[in-house]
Amino acid sequence: MAHARPRRRQQIQALVAAAMLLLSSALFTARLPLAVASARLVPNPTARLLLFAGLPSSSPLRAFCPRARPSPATCSAFSSATMAADNPLLVADFDFPPFDRVEPSHVRPGISELLTRLESELEELEKGVEPSWGKLVEPLERITDRLEVIWGMVDHLKAVKDSADLRAAVEEVQPDKVKFLLRLGQSKPIYEAFKAIRNSSDWESLNDARKRIVEAQIKEAVLSGVALEDEQREKFNQIEQELEKLTQKFSENVLDATKKFEKVITDKKEIDGLPATALGLAAQTAVSKQGHENATAENGPWIITLDAPSYIAVMQHARNRALREEVYRAYLTRASSGELDNTGIIAQILKLRLEKAKILGYKNYAEVSMAQKMATVDRVEELLEKLRAASWDHAVKDMEDLKSFAKDSGSPEATDLTHWDLNFWSERLRESKYDINEEALRPYFALPKVMDGLFTLANKLFGVNVEPADGLAPVWHSDVKFYCVKDSSNSPVAYFYFDPYSRPSEKRGGAWMNVVFSRSRVLARNGLPARLPVAHMVCNQTPPVGDKPSLMTFREVETVFHEFGHALQHMLTKQDEGYVAGIRGVEWDAVELPSQFMENWCYHKDTLLSIAKHYETGETLPEEIYAKLVAAKNFRAGTFSLRQIRFASVDMELHTTYDPYGSLSIYDVDRRVAERTQVLAPLPEDRFLCSFSHIFAGGYAAGYYSYKWAEVLSADAFSAFEDAGLDNEKAIEETGRRFRDTVLALGGGKSPLEVFVSFRGREPSPEPLLRHNGLLPVAA
């Protein structure tokens, strides 16, 4: 029977084709798009092909497509027209990305066709390139922006809506994307044109933003291998392709290893101490993951995962020490064994980065990284050592306090406190010392109220209004909210998406903000002087449980403020040159300034009390509890500071002095760094590097120090508000407007140091950071 099907299909097609000849032109007119239908009569085979190209792929009329063999050019037009109609990645123009329509099946054909089109545009640009803004930078921005927007859609969906099909599609087209970027970065006509602008008599007449763009493009071209020839260039390009694959695989392994761990618990005694929120989440996970339809917070069963809300709850609250140990070890060894082992991938990444650096003429990869940052290797090491020295004694005291408290509490663990005990006993000590129970505070931090308070703060500081705009733009999940940012005249200046909740089955962990559209004069639409910026903010906080809203920990509140700080810099830019608008063109080690700056407002009394309202009663957080929160702000600050310094230091060492071909392993390096950055030595089986996505799958390679570097800037920036008087409304408003007009408005149009000096009136100092962290005595 199976063999008869093709013949039967042919017979049916012949009959249908014959019937088709009898159809009147009116039928075509009714079914075809206006532009095609207006032709009415179809005098030749090529015209018939174009007519059928206008049909949607699902149309039954496609069965009657004529069999005449078309020319290659006609095939191309036919294919492109069909793809553009059916594939949301090829829509010529949209106000907001069609996130809701993109499927994995769109990725291969869509990205391939997009790259073909961009390649053609690049070739045309190269043929007629001139060293002028209108003939070089503007057409180049159109090309690069189109790829960034469309690839950004795919990359974003992979982060928030991961699936095997999407992974496979991305893996297939990624080499072509990298190939195109290398082709673009290594374009000698474009490189020479930028150099000609730099060397022209008109150079001094360019504004700062345009000078920064030209200089950045020249530097990026060199770092992309434009000056390399033949074998060196070929080798460089192979390295870039391989690095792209490896970093992608690293990220996927971390996500899969995180998803893989599930511990089903049926005996409530095993999870004694877990708060109601965590029990509710664990029961909800049991319902969704394994079909335990009747699971409840009270009676279980419960599923513990390595997703942040679940993991943190266990480490802080589970009295079952064996459970804490099991979960801690699982978390610390993610992606370090079996088919998901990232150890070999890290080794390959480090070898390739070193080889790339040497091809480009640098001693190590850190020097490549620093070529586009504020800092130098020496200055980074100097800062990290200064902060390490200031933090060490405080961290030692933190550990002594913890051991004493555990001992005084009569715990048998007191004489042998280890890693899976630290968070548990830290939380008990904090509750005892400051009479603060973080879980008891959750009802005061319902997500809707937190967002209202955050938007009120933005209005006070920066004079903008944030309004819900749900339904205006397509979204990728029902959890996602969409907002419009308006200025004081009620005109839109930007938009952003907010995806707040953890979805461990499809969404990678952590929190981030990224660009959807950048502000751009060149890409202006709808009669506006510039295209408005659009961002997305993504978090992984505790989702709503039952009929309760998302009740946040104070740390989750800080995270939302942090990501909104990034979004503000992107959205409130006044820079119209797309290459340096918002966060684009800002040196990586300065980009955390606005985000960390915003975290400080979580401890500002008026701000916090405007947010902290009990979700059921509306009661404001009592002032005495606010005072305790402030008092507890620097609890174990030395320990937390050393933790970040460990990450930054091991990152720098792996990318400066470490020999990936030598006898030492990456874990040897980490243990050596830990000797001077960790009071409690890491476990021998510590494999946190295997899930250190920041440096092996993100943009922080030889750049994790940026958090501390920018923290110096952000603490000093906030001290301007302290100097003005945090209780002085007028002074706060004036200082906020100055912050907006400099740090948030100038984007990458000026160097970060110039921007900081424009706001602060002087160069940055690390003293405010040490003071804010309680690592220096407060001046009398």
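Residues numbered from 1 in each chain as written. Predicted model: local features only at pLDDT ≥ 70, side-chain atom pairs only at ≥ 80, totals over all residues. Heavy atoms only, no water.

Per an unreviewed UniProt entry, the recorded name for the protein chain is oligopeptidase A, and the organism is Urochloa decumbens. Here is the UniProt Catalytic activity (unreviewed entry) comment for the protein chain, exactly as written: "Hydrolysis of oligopeptides, with broad specificity. Gly or Ala commonly occur as P1 or P1' residues, but more distant residues are also important, as is shown by the fact that Z-Gly-Pro-Gly-|-Gly-Pro-Ala is cleaved, but not Z-(Gly)(5)." Quoted verbatim from the Sequence similarities (unreviewed entry) heading of the UniProt record, the comment on the protein chain is "Belongs to the peptidase M3 family." (UniProt positions renumbered as here; feature names shortened; annotations may be inferred.)

Q: Help me understand the pairing of strand β5 (residues 492–501), please; the structure alone is not making it clear to me.
A: Here is the key point about a regular strand: its side chains alternate between the two faces of the sheet. Counted residue by residue, β5 has nine buried out of 10 residues, so it is predominantly covered. In this sheet, β5 lies alongside strand β4 (residues 481–486) in antiparallel orientation, the contact comprising six bridges. Bridge pairing links K481 to F498 in β5. Linking β4 to β5, which pair antiparallel, is a turn of five residues; within it N490 sits at a positive phi near 70 degrees. Where β5 and strand β7 (residues 534–541) come together, six bridges link them in parallel fashion. Within β7, the position partnered with Y497 by the bridge is H536. (Buried < 20%, exposed > 50% of the residue type's maximum accessible area, 1.4 Å probe, protein only. Helix = DSSP H or I, 4+ residues; strand = E, 2+ residues; numbered from the N terminus. Pairing = 2+ DSSP bridges.)

Q: Would you take a moment to explain the pattern of salt bridges for this structure?
A: When the charged atoms of two side chains lie near each other, side chains of opposite charge can form a pair. Applying the stated criterion across every chain yields a total of 65 salt bridges. Between K127 and E124 there is a salt bridge whose closest N-O contact spans 3.5 Å. Pair noted here: K127 and E124 are both in helix α6 (residues 104–127), with a separation of three residues, about one helical turn. Between R584 and E148 there is a salt bridge; the shortest N-O distance is 3.1 Å. Highlighted residues: R584 in the loop between α21 (554–571) and α22 (593–599) and E148 in helix α7 (residues 133–160), separated in sequence by 436 residues. Here R584 falls in the buried class, since its relative accessible area comes to 14%. Residues joined in a network through salt bridges with shared partners are D479, D499, R503, E506 and K507. (Salt bridge = Lys/Arg side-chain N within 4 Å of Asp/Glu carboxyl O.)

Q: I'm lost on the environment of N600 in this one. Help?
A: In this structure, N600 sits in the loop between α22 and α23 (605–611). Counting along the chain gives 42 residues from N600 to E558, while the straight-line C-alpha distance between them is 8.5 Å. Sequence-distant contacts of N600, defined by excluding residues within four places in its chain, comprise S714, F718 and H772. (Contact = heavy atoms within 4.5 Å.)

Q: How should I be thinking about the sheet that holds strand β3 (residues 465–468) in this particular structure?
A: Adjacent strands of a sheet pair through backbone hydrogen bonds, lying either parallel or antiparallel. With respect to topology, five strands assemble into an open sheet ordered β3-β4-β5-β7-β6, the strand pairing being mixed. For this open sheet the edge positions go to β3 and β6 (512–517), each flanked by a neighbour on one side alone. Each strand axis lies, on average, 25 degrees off the axis of its neighbour in the sheet, ignoring direction. Alignment of β3 against β4, held across four bridges, turns out to be antiparallel. (Axes fitted to C-alpha atoms, helices over the stretch in contact; angles between N-to-C directions.)

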